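One-letter residues, chain by chain:
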Amino acid sequence: TRAALLKAARALVTERGYADTSTEEIVKRAGVTRYIANSDKSELFLAILEELKQELIQNIAKAMQSGVVNYGKVSPYPLAAFSDDCLDPSVQLILLIDGPSVLGWVAPRRLEGEYGLGIIR
């Protein structure tokens, strides 16, 4: 149920934005009859944002594993992977636009510390 809700919510928020997406639409698109856990739309949005961050970090990790060291210098591959990911409408709207405006800076900053700085460590 959770995976279906996250998938439906991500698609709808990408299509319409957070403000123009209702919880009822998410539930209907997910094909579930009742949604109890994370009934707050902002909590569901935070889960989508965290899932998206995990995907981005996985893409950067794959780029790093493909050969990041070139003559003792860090290769641009991780940055290129992130830049490529930023072309995805989901990343643009959810991570870069709606994320900070819906959740403020605390939650996205916490996720950045956990995932973004985590990969550096």
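Coordinates for the structure precede this section.
These numbers come from a predicted model, not from an experiment.

Enquirer: Whenever I open this one, empty space enclosed by the protein confuses me. Can you help?
Expert: Over the atoms rolls a probe the size of a water molecule, and its path tells where empty space is left. For the structure shown, the criterion picks out 1 cavity of 30 Å³ or more. The volume enclosed by the largest cavity comes to roughly 30 Å³. Every residue lining the largest cavity is listed: Ala9, Val13, Tyr18, Ile26, Lys41, Leu44, Phe45 and Ile48. Breaking the lining of the largest cavity down by element, the ones donating at least two residues are α1 (2–16) and α3 (41–65). The element best represented in the lining of the largest cavity is α3, accounting for 4 residues. In the lining of the largest cavity, the residues fall into 7 nonpolar, no polar and 1 charged.

Enquirer: Where do I start with α1 in this structure?
Expert: It helps to recall that an α-helix has 3.6 residues per turn; residues three or four apart then point in one direction. For α1, built from 15 residues, the straight-helix expectation of 21 Å at 1.5 Å per residue is met to within 8% by its first-to-last C-alpha distance of 21 Å. Residues Leu5, Leu6, Ala8, Ala9, Arg10, Leu12 and Val13 constitute the buried set of α1. Its buried side turned inward, α1 meets α2 (23–30), α3 and α5 (89–103).

Enquirer: What should I look at first to understand the pattern of salt bridges in this one?
Expert: Close approach of charged atoms lets side chains of opposite charge pair. Enumeration according to the criterion identifies 5 salt bridges in this entry. The shortest N-O distance in the salt bridge between Arg10 and Glu55 comes to 2.8 Å. Residue Arg10 is located in helix α1, and its partner Glu55 is located in helix α3; the two are separated by 45 residues in the primary sequence. We classify Arg10 as buried; its relative accessible area is 14%. The shortest N-O distance in the salt bridge between Glu25 and Arg16 comes to 2.2 Å. Through salt bridges that share partners, Arg10, Glu51 and Glu55 make up one connected network.

Enquirer: Looking at this structure, I do not really get the environment of Gly31. What am I missing?
Expert: Considering the arrangement of structural elements, one finds Gly31 in the loop between α2 and α3. Among the residues examined, Gly31 registers a relative accessible area of 63% and is labelled exposed. Through-space distance from the C-alpha of Gly31 to that of Ala4 is 7.7 Å; in sequence the pair is 27 residues apart.

Enquirer: What am I meant to see in the packing of aromatic side chains here?
Expert: The description of an aromatic ring pair uses the distance of the two centres, along with the angle that the planes make with each other. Overall, the coordinates contain 1 aromatic pair when judged by the stated rule. Centre to centre, the rings of Tyr18 and Phe45 are 5.1 Å apart; their planes meet at 65 degrees, and the pair counts as edge-to-face. With Tyr18 in the loop between α1 and α2 and Phe45 in helix α3, the pair connects residues that are 27 residues apart, well separated along the chain. With a relative accessible area of 1%, Phe45 lands in the buried category. For the cation-ring pair, Lys41 lies above Tyr18, with the distance from its terminal atom to the ring centre recorded as 4.2 Å.

Enquirer: Whenever I open this one, the side chain of Asp85 confuses me. Can you help?
Expert: Mapped onto the fold, Asp85 is located in helix α4 (residues 77–85). Salt bridges are absent for the buried Asp85, whose nearest opposite-charge side chain, Arg10, sits at 8.4 Å. Not counting residues up to four positions away in its chain, the partners in contact with Asp85 are Leu56, Asn59 and Val91.

Calculation criteria
- Residues numbered from 1 in each chain as written.
- Predicted model: local features only at pLDDT ≥ 70, side-chain atom pairs only at ≥ 80, totals over all residues.
- Heavy atoms only, no water.
- 1 Å grid on protein atoms, 1.4 Å probe; cavity = no way out; pocket = protein on both sides within 12 Å on 5 of 7 lines; lining within 4 Å.
- Points joined across faces, edges and corners; volume = space filled by probe spheres on them.
- Helix = DSSP H or I, 4+ residues; strand = E, 2+ residues; numbered from the N terminus.
- Nonpolar A, V, L, I, M, F, W, Y, C, P; charged D, E, K, R; others polar.
- Expected span 1.5 Å × (residues − 1).
- Buried < 20%, exposed > 50% of the residue type's maximum accessible area, 1.4 Å probe, protein only.
- Contact = heavy atoms within 4.5 Å.
- Salt bridge = Lys/Arg side-chain N within 4 Å of Asp/Glu carboxyl O.
- Phe/Tyr/Trp six-rings, centres within 6.5 Å; stacked < 30°, edge-to-face > 60°.
- Lys NZ or Arg CZ within 6 Å of the ring centre and 35° of its normal.
- Lys, Arg positive; Asp, Glu negative; His and termini not counted.

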